[in-house]
Amino acid sequence: MSDEERMPDDLDPRLLRAMKAALIASAPPMPSDLKAELKRMARARAPRPSWLELLRQSLSARPWAYGAGAAFAAAGLMIMLRLSSAPSPATDPVTGPVARVVPVSAPPLADLWTDDDGGDEDEG
Amino acid sequence: MTVEMKMKAELLLSLMILAMPAAARSRARRSLPAPEALVLKALAGPATGYTGLMRVQMFRPGGKPKGVTVAVAALPGGRVRRETKMGRRKTAGLICVRDGRTASLSWPAQKRSWSGPDRIESPEAGLARLSALYELAVSTGGLVAKHTTWRVNLSVPGGRVRRSLWVDRASGLLLKSENYRPDGTLARRERFMKLALPSDPDASVFRMEPAAGTHPAASFVPGFPRWAPDGFMLVEASSSRVRYSDGAANVTVEVFPAQAGPRGTNSRTVKFAGRELKIAEDKEGYAIVTLVGSRFYVFFGDLPEDELVRMALSVEDGR
């Protein structure tokens, strides 16, 4: 930018604002389809919370839900403690083959699986 | 023959050649069976017994595929035995037996066993469940374990294929299945490598006699699902969360009080037997949300939504 083109330092701020407003007013408006496309792209790029996050947000959004959740968890815990301390039948006619509810000691199921070449020998 | 006649004959011949592929396609479409009939046949199972060896493969994004070999024996009437083979010596791992009334699991090496009433679903109910969730389409399926098949594609309403089933043209046996993630990548494949059909396996293989010293363990928790796919067992339980696994795939069930139900999730709704289920989807997979009694159940994990729905429908409001 040459010295002739440079803006004088002592310009009135009100004049500067007026010039800026005039420039904005004279600019052609953004085409509506371009604006819509930019908005769509911005929405697509925005991080989308997972359904579980949304669910947890909706659950924690209500203050009273803490009380209800705590009461529910406490009731569940009581039931579990009672079940675990009670003599457990071989098969419960109502709830199915429950011998013991807690604790669950998971067997090493991952040991059943081995590395695979991922191939499929069939034509299907 | 005049030049004009020659030209007419050539034109006629050209038109016939052009029309032939269209006619062939039309004939092929006409000869395809209805997908609903094929699925019903596959769910009912063949009219004879069979034995075979299956390979189950799991495909993780960015990970090595994992596989397991399963020996299968079945008789008409719902009796099925699936025995996981371990290591080079093919020793018995997890054994699952369903006899039409009872489901039993046994792991001899771990001295563990589970047993209880099975949650039976009729073929018609199974077809209704699949038809409500997917659009069904059939095509020719090629050879699987030396058997000619029909391929049935199960697509979500948006059009993406979620599952593919290869059904034996002669017997109706499901010979191969593939599950796909929402992005279309392969998640799981199950296929017969060897098959003897018809076959008459001994009835004794469908009786589960726990070995001496075997102790029973938890398989189902009150208020949680009473059905899980073959090979899945309970590996984690708390008052509001249970998890099932077959060692490679996981399914988690979380419970919330009904007053604090979910909202704002992007989902579609389906109804079965008077119960409403919401199916939510994101890049990780699918989730099923349903209200049973005074509790909201959320099912999510490495299963297609039709199996998550079957698990959800097995929850009973008995509390």
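Quick caveat: nothing in here was measured; it's all calculated off a predicted structure.

### What about the side chain of R55(B)?
Point 1. Tracing the chain through its elements places R55(B) in strand β1 (residues 50-58).
Point 2. The exposure class of R55(B) is buried, given its relative accessible area of 13%.
Point 3. Once residues lying within four places of it in the same chain are set aside, the contact partners of R55(B) are T114(A), D115(A), D116(A), G67(B), V68(B), T69(B), R189(B), E190(B), R191(B) and M193(B).

### Overview of the nonpolar core
All names here are of chain B.
Point 1. The biggest cluster of nonpolar side chains holds 68 residues, and the ones touching the most others in it are V152, F192, Y244, I288, Y297, F299 and M311.
Point 2. The contact partners of V152, leaving out residues within four places of it in the chain, are P35, L38, V39, A137, V138, R163, S164, L165 and V167.
Point 3. Ranked by size, the runner-up nonpolar core spans six residues in total, among them A287, V289, F296 and V298.

### Overview of helix α4 (residues 305-313) of chain B
Point 1. Counting buried residues along α4(B), seven of its nine residues qualify, which places the element largely inside the surrounding structure.
Point 2. Three or more residues of α4(B) are buried, namely E305(B), D306(B), E307(B), L308(B), V309(B), M311(B) and A312(B).

### Observations concerning a nonpolar patch on the surface
Point 1. Taken together, M30(A), L34(A), L38(A) and M41(A) make up a surface patch of nonpolar side chains, about 340 Å² in accessible area.
Point 2. Assignment of secondary structure puts M41(A) in helix α2 (residues 32-45).

### Considering the pattern of salt bridges
Point 1. Applying the stated criterion to the full structure yields 24 salt bridges over all chains.
Point 2. Here K176(B) makes a salt bridge to D120(A), at a shortest N to O gap of 2.4 Å. Of this pair, K176(B) sits in strand β10 (residues 174-180) while D120(A) sits in the segment after β1 (114-115), placing the two residues on different chains.
Point 3. K176(B) gets classed as buried once you look at its relative accessible area, which sits at 1%.
Point 4. Given the relative accessible area of 26%, D120(A) is considered partly exposed.
Point 5. Across the salt bridge formed by K271(B) and E276(B), the nearest N and O atoms sit 3.9 Å from each other.

### Side note on the pairing of strand β2 (residues 66-75) of chain B
Point 1. Within β2(B), nine of the 10 residues are buried, which leaves the element mostly enclosed by the surrounding structure.
Point 2. Note: β1(A) against β2(B), two bridges, orientation antiparallel. Along β2(B), the bridge assignment pairs D115(A) with K66(B).
Point 3. Of the pairings in the sheet, the one linking β1(B) to β2(B) comprises nine bridges and is antiparallel in character. Each residue of the ladder has a partner; that of M58(B), found in β2(B), is K66(B).
Point 4. Strand direction decides the pairing type here: β2(B) and strand β3 (residues 79-86) of chain B, joined by seven bridges, are antiparallel. Bridge pairing in β3(B) links A71(B) to E83(B).

### Brief notes about the domain arrangement of chain B
All names here are of chain B.
Point 1. Along its sequence, chain B is carved into domain 1 (38-206) and domain 2 (215-313).
Point 2. Just the C-alpha atoms count here: the centres of domain 1 and domain 2 sit 21 Å apart.
Point 3. Here domain 1 meets domain 2 over a buried area of about 2700 Å², counting both sides, of which 52% is carbon and sulfur.
Point 4. By the criterion of area lost to domain 2, the three top residues of domain 1 are R119, R129 and L133, representing 22% of everything that side buries.

### A look at the layout of surface pockets
Residue and element names in this part refer to chain B.
Point 1. Roughly 1500 Å³ of volume is contained in the largest pocket.
Point 2. Lining the largest pocket are 49 residues, with A42, L43, L174, D230 and R310 sitting closest to its centre.
Point 3. A per-element tally of the lining of the largest pocket places β10 first, with five residues.
Point 4. Counting residues domain by domain, the lining of the largest pocket receives three or more from each of domain 1 (38-206) and domain 2 (215-313).

### A short note on the pairing of strand β15 (residues 250-257) of chain B
All names here are of chain B.
Point 1. Taking burial as the measure, the eight residues of β15 include seven buried ones, the bulk of the element.
Point 2. As defined by bridge partners, strand β14 (residues 241-245) adjoins β15 across five bridges and the pair is classed as antiparallel. Looking across to β15, one finds that V242 is bridged to V253.
Point 3. Adjacent in sequence and paired antiparallel, β14 and β15 are bridged by four residues, among which G247 carries a positive phi angle near 100 degrees.
Point 4. Taken together, the seven bridges between β15 and strand β19 (residues 295-301) define a ladder with antiparallel strand orientation. Bridged to E254 within β19 is V298.

Calculation rules
- Residues numbered from 1 in each chain as written.
- Chains lettered and ligands numbered in written order.
- Predicted model: local features only at pLDDT ≥ 70, side-chain atom pairs only at ≥ 80, totals over all residues.
- Heavy atoms only, no water.
- Helix = DSSP H or I, 4+ residues; strand = E, 2+ residues; numbered from the N terminus.
- Buried < 20%, exposed > 50% of the residue type's maximum accessible area, 1.4 Å probe, protein only.
- Contact = heavy atoms within 4.5 Å.
- Core = buried A, V, L, I, M, F, W, Y, C linked by side-chain atoms within 4.5 Å.
- Patch = residues over 30% accessible without salt bridge, like charges linked within 9 Å, V, L, I, M, F, W, Y side chains within 5 Å.
- Areas by Shrake-Rupley, 256 points an atom, 1.4 Å probe, with all protein chains shown as cover.
- Salt bridge = Lys/Arg side-chain N within 4 Å of Asp/Glu carboxyl O.
- Pairing = 2+ DSSP bridges.
- Domains from an automatic or database assignment.
- Buried area = accessible area lost by both parts, 1.4 Å probe.
- 1 Å grid on protein atoms, 1.4 Å probe; cavity = no way out; pocket = protein on both sides within 12 Å on 5 of 7 lines; lining within 4 Å.
- Points joined across faces, edges and corners; volume = space filled by probe spheres on them.

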